[in-house]
Amino acid sequence: MFKPSHRNSGGHHAPPKIRAFFDEPTNTVSYLVWDPATKDGAVIDPVLDWDHKSGTADTAFADRMVKAAGEEGVAIRWVLETHAHADHLTAAC
């Protein structure tokens, strides 16, 4: 379970950090979410780039999310799918 570990000066947990990534071809928003104190994070609904004309797949979109996590010092601990996606293939593998 994701539990923020850092308390601010008022004794409350700091909210998670959230960064959205938009995949225009599928009109999908994926998210990188992390605890700012522990830097433990999750990727939510990652998109696998699929070219139906050539039948090839690419991980460029997911790679952008992994790169952003690295830039923030985030360790991706979980990859989450919120529902079955009819609009795109998942990059959760």
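Note that the coordinates shown come from a computational prediction; the quantities given were computed from them, not determined experimentally. (Residues numbered from 1 in each chain as written. Predicted model: local features only at pLDDT ≥ 70, side-chain atom pairs only at ≥ 80, totals over all residues. Heavy atoms only, no water.)

## Comments concerning the sheet that holds strand E1 (residues 17-23)
Rules: In short, DSSP must find at least two bridges between two strands for them to pair. For helices the rule is a DSSP run of H or I covering at least 4 residues; for strands it is a run of E covering at least 2, with both sets numbered from the N terminus onward. Interaxial angles span 0 to 180 degrees and are taken between N-to-C directions of axes, which are lines fitted to C-alpha atoms, for helices over the stretch in contact.
If you walk across this open sheet you meet the four strands as E1-E2-E3-E6, and the pairing is mixed. Whereas interior strands pair on both sides, the edge strands pair on one side only; in this sheet they are E1 and strand E6 (75-80). In this sheet, neighbouring strand axes are inclined to one another by 20° on average, regardless of whether the strands run parallel or antiparallel. Of the pairings in the sheet, the one linking strand E2 (residues 28-34) to strand E3 (residues 40-44) comprises four bridges and is antiparallel in character.

## Here's the deal with a nonpolar patch on the surface
Keep this limit in mind: Two distance rules govern patches: like charges are joined within 9 Å, and nonpolar side chains (Val, Leu, Ile, Met, Phe, Trp, Tyr) within 5 Å, applied only to residues with over 30% relative accessible area and no salt bridge. Every accessible area reported is derived by Shrake-Rupley at a probe size of 1.4 Å, with residue values counting cover from the shown protein chains alone. The working definition used for a salt bridge is a side-chain nitrogen of Lys or Arg within 4 Å of a carboxyl oxygen of Asp or Glu.
Where nonpolar side chains cluster on the molecular surface, the patch consists of Ile-18, Phe-22, Val-29 and Tyr-31 and spans about 360 Å² of accessible area. Residue assignment for the nonpolar patch shows that the elements contributing at least two residues are E1 and E2. The topology assignment puts Val-29 in strand E2.

## Description of the nonpolar core
Looking at soluble globular proteins, one finds that nonpolar side chains tend to be buried together. What counts is decided by this rule: Nonpolar cores are built from buried Ala, Val, Leu, Ile, Met, Phe, Trp, Tyr and Cys residues. Side-chain atoms within 4.5 Å join them into one set. Under the scheme applied here, a residue whose accessible area is under 20% of the maximum for its type counts as buried, over 50% as exposed, and between as partly exposed, the area being computed with a 1.4 Å probe on protein chains only.
Formed by Phe-21, Leu-32, Trp-34, Val-43, Val-47, Phe-61, Met-65, Ala-68, Ala-69 and Val-74, the largest nonpolar core amounts to ten residues. Mapped by element, the contributors of at least two residues to this core are E2 and helix H1 (60-72). At four residues, H1 tops the list of elements feeding residues into this core.

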